[in-house]
Amino acid sequence: AIIVYRLPWTWKCSKLLMKFIHAGLNTIAMILGIVSMVAVFEYHNARNIPNMYSLHSWIGLTAVVFYSLQLFLGFAVFLLPFAPVTLRAALMPIHVYSGLTIFATVIATALMGITEKLIFSLKNPAYSASPPEATFVNCLGLLLVIFGALILWMASRSHWKRPPEENAKVLRPIGGTPEGAEAESTMTGGSNADKPDLRINSEAARKQNLKLDEAGQRSTM
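Undergrad: With reference to specific residues and values, describe the overall build of the protein chain.
TA: Within the protein chain, the secondary structure is distributed over 6 helices and 0 strands. The order of α-helices and β-strands along the protein chain, N terminus first, is α-α-α-α-α-α. Counting over 221 residues, the protein chain shows a buried share of 32%. Pairs at least 24 residues apart make up 71% of the contacts formed inside the protein chain by residues separated by at least 6 positions.

Rendered as structure tokens:
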């Protein structure tokens, strides 16, 4: 979901389609996360194991809570067409930063969880003896770190960002006129002396909208 805007072969697709894919993948991940949480609590209760005592469980629950908030705000602000452009532009850096932070937190939670499971489960031979199970899970942990680093690298590279020129529509509030339309109408009916100033204003408005458009194209819920 994080890199859905960063894949070059998706740049020819519409921005709205990419938004739905981004939101859909995050929704699936949220559902799987909730199912996992329920399974863990039921397993602990069935075996009389205390809940929420380890750092792994604290950070994991925190990640699920913030991920839920991230998903809700992402739907409300960026997917539904009601939020003003200025609000989207203001919240986009926070949305991107919190998404990457939650992703890194989930990777850390997974690493702590598999390590905790090995320590509790491997008795003879013990985890410290490096049995095959320990080696396998340690390699899995390294792959998780590599995967997380690759995703974060792709999400932080400017040349992987969706090009603004691919989006033909300029971001604007619902019911607003396309950028430059009002300026062009005024220029047509105005005097020749006012045309240079109107052209300058139109160019400034165009640059401002391009900045908002570029902010709106950064990923991640």
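Undergrad: Before we move on, could you go through the confidence of the model for the protein chain and cite the residues and values that matter?
TA: Looking at the protein chain as a whole, its pLDDT mean stands at 80, while 74% of the residues score no less than 70. Across residues 166-198, confidence stays below pLDDT 50; counting only partners more than four residues off in sequence or on other chains, it has 29 contacts. Note that residues 215-221 has pLDDT below 50 and, in this model, 36 contacts with residues that lie over four places away or in other chains.

Undergrad: An account of unusual backbone geometry is requested, with residue identities and associated values reported.
TA: Each neighbour pair has its own omega, and for Asn124 with Pro125 the value is 5°, a cis peptide bond. As for its position among the elements, Pro125 is in the loop between helix H3 (85-121) and helix H4 (132-156). A positive phi angle, near 55°, is found at Ser130, a position not held by glycine. Here Ser130 is to be found in the loop between H3 and H4.

Undergrad: Can you break down the environment of Lys15 residue by residue, with the values?
TA: Mapped onto the elements of the fold, Lys15 is located in helix H1 (residues 15-46). Relative accessible area serves as the criterion here: at 12%, Lys15 is assigned to the buried category. Counting along the chain gives 147 residues from Lys15 to Arg162, while the straight-line C-alpha distance between them is 9.5 Å.

Undergrad: Explain the environment of Leu152 to me, and be specific about the residues and the numbers.
TA: Note on placement: Leu152 falls in helix H4. With 48 residues separating them in the primary sequence, Leu152 and Ala104 have C-alpha atoms 8.4 Å apart.

Undergrad: So what's going on with the packing of H1 against helix H2 (residues 55-79)? Residues and values would help.
TA: At a minimum axis distance of 10 Å, the contact between H1 and H2 shows a crossing angle of 155°. In terms of their interaxial angle, H1 and H2 are classed as roughly antiparallel. Note on packing geometry: the crossing formed by H1 with H2 is left-handed. In this structure, H1 contributes Lys19, Phe20, Ala23, Asn26, Thr27, Ala29, Met30 and Met37 to the contact, and H2 contributes Leu61, Val64, Tyr67, Ser68, Leu71, Phe75, Phe78 and Leu79. Looking at the contact of H1 with H2 residue by residue, the class counts come to 12 nonpolar, 3 polar and 1 charged.

Criteria and thresholds
Residues numbered from 1 in each chain as written. Predicted model: local features only at pLDDT ≥ 70, side-chain atom pairs only at ≥ 80, totals over all residues. Heavy atoms only, no water. Helix = DSSP H or I, 4+ residues; strand = E, 2+ residues; numbered from the N terminus. Buried < 20%, exposed > 50% of the residue type's maximum accessible area, 1.4 Å probe, protein only. Contact = heavy atoms within 4.5 Å. pLDDT = per-residue confidence, 0-100. Axes fitted to C-alpha atoms, helices over the stretch in contact; angles between N-to-C directions. Parallel < 35°, antiparallel > 145°, perpendicular 65-115°, else oblique. Left-handed = near helix turned anticlockwise from the far one by under 90°. Nonpolar A, V, L, I, M, F, W, Y, C, P; charged D, E, K, R; others polar.

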